[in-house]
Amino acid sequence: MIKLVPTLSLVVFIILFSCQSSSEKKDWQILFNGEDLSGWDTYLGQEWTQVNDSTFRPAGEPVGLNKDPKGIFSVAKVDQQNVIRISGEQWGGISTTSEFSNYHLKLQFKWGEAKHRPKANAKRDSGLLYHAVGAHGADGGFWMRSQEFQVQEGDTGDYWGVAGGVMDVPTRQEGENYIYDAAAAMRVFSEKSDIGRHATKFPDAEKPTGEWNTLELICFGDTAIHIVNGKVVMALYNSRQLTETGELPLKKGKIQLQSEGAELFYKDIMIKPISEVPEGVN
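Keep in mind that what you see is a predicted model, and the values were worked out from it rather than measured. (Residues numbered from 1 in each chain as written. Predicted model: local features only at pLDDT ≥ 70, side-chain atom pairs only at ≥ 80, totals over all residues. Heavy atoms only, no water.)

Trainee: Hey, could you run me through the pairing of strand 11 (residues 145–152) in this one?
Mentor: Consecutive side chains along a regular strand alternate between the two faces of the sheet. Burial of strand 11 is extensive: 7 of the 8 residues sit out of reach of the surface. For strand 10 (residues 125–133) and strand 11, the ladder comprises 7 bridges, and the chain directions are antiparallel. Within strand 11, the position partnered with Val 133 by the bridge is Arg 145. Across 4 bridges, strand 11 lies against strand 12 (residues 159–162) in antiparallel orientation. Across the sheet, Glu 148 pairs through a bridge with Trp 160, a residue of strand 12. In sequence, strand 11 turns back onto strand 12 through a hairpin of 6 residues, with Gly 154 there showing a positive phi of about 85°. (Buried < 20%, exposed > 50% of the residue type's maximum accessible area, 1.4 Å probe, protein only. Helix = DSSP H or I, 4+ residues; strand = E, 2+ residues; numbered from the N terminus. Pairing = 2+ DSSP bridges.)

Trainee: I tried to follow the nonpolar core on my own but got confused; where do I start?
Mentor: Side chains that are nonpolar tend, in soluble globular proteins, to be buried together. Formed by 50 residues in total, the largest nonpolar core has its most connected members in Leu 105, Tyr 266 and Ile 269. With 6 residues, strand 19 (residues 231–243) is the single largest residue contributor to this core. Sequence-distant contacts of Ile 269, that is, excluding residues within four places in its chain, are made with Gln 29, Ile 30, Leu 31, Phe 32, Trp 40, Ile 84, Leu 105, Lys 106, Leu 107 and Leu 257. Core analysis: the second largest hydrophobic core is formed by 8 residues, Leu 129, Phe 142, Trp 143 and Val 162 among them. (Core = buried A, V, L, I, M, F, W, Y, C linked by side-chain atoms within 4.5 Å. Contact = heavy atoms within 4.5 Å.)

Trainee: Got a minute to help me understand unusual backbone geometry in this structure?
Mentor: With the exception of glycine, most residues fall at negative phi, and the peptide bonds are largely trans. The peptide bond linking Arg 117 to Pro 118 adopts the cis configuration, its omega dihedral lying at 5°. If you trace the backbone, Pro 118 turns up in the loop between strand 9 (103–115) and strand 10. The residue after Phe 202, namely Pro 203, is reached through a cis peptide bond having omega 0°. Here Pro 203 shows up in the loop between strand 16 (198–199) and strand 17 (213–220). In this model, Asn 229 sits at a positive phi of 50°, which is unusual for a non-glycine residue. Structurally, Asn 229 is set in the loop between strand 18 (223–228) and strand 19. What makes Asn 229 partly exposed here is its relative accessible area of 23%.

Quick look at the structure:
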């Protein structure tokens, strides 16, 4: 099995891979048809209830799979184009019905205006979950086990291990933060790791709130690359998952977009298979 390491050649490969000519568009599979949510499932967890002035807790039964009475997930027209709107009012996710491995994913997102409890006073938050497997609601009652390409104001490109997702990321430590650095030591990020399940991207390539951002995710074998607006902000290795029988590989799964308290829009969602790594990348 080919192993990728965080080298300059890998970064060059990613940049070149991102620059596709219009003649190559035919090679991409469109995941959002621009008309409806065909090819996607929705899942919504419990409602948030207010316990006191500053505390909220989920209560009641989950709404469940493909039940969306409040229209959390819908198709809307934004900037004269049909897009997926996620209201954020209730937490959950919209996931592809198909699983994918060895691919290059592209999409665009833009923040909306509305924010909802329990994050009405927090940063706008969502997430691109990949290699999503197992039961819906595994993470806090809302999301599937997966690896997360964070989508959050100022933090887009970060990594979170979701419901047992594990990754190795080269990082340098600055205070309590572990920041991506291709030349630094490899560290393990998971919910059982001493340093936690969150790694911080570098550099910050996100555009100001209200502008469209282009996200690209490249997954090959057990390696993943997070790209924001054309800049590589993190490379991650040895994708795996925590299970009852120990760690197992996690190299394939669904793609899930989170609803997590903030309105946002997604468009131009497309995916292309990768069959090999170019020469010079090893």
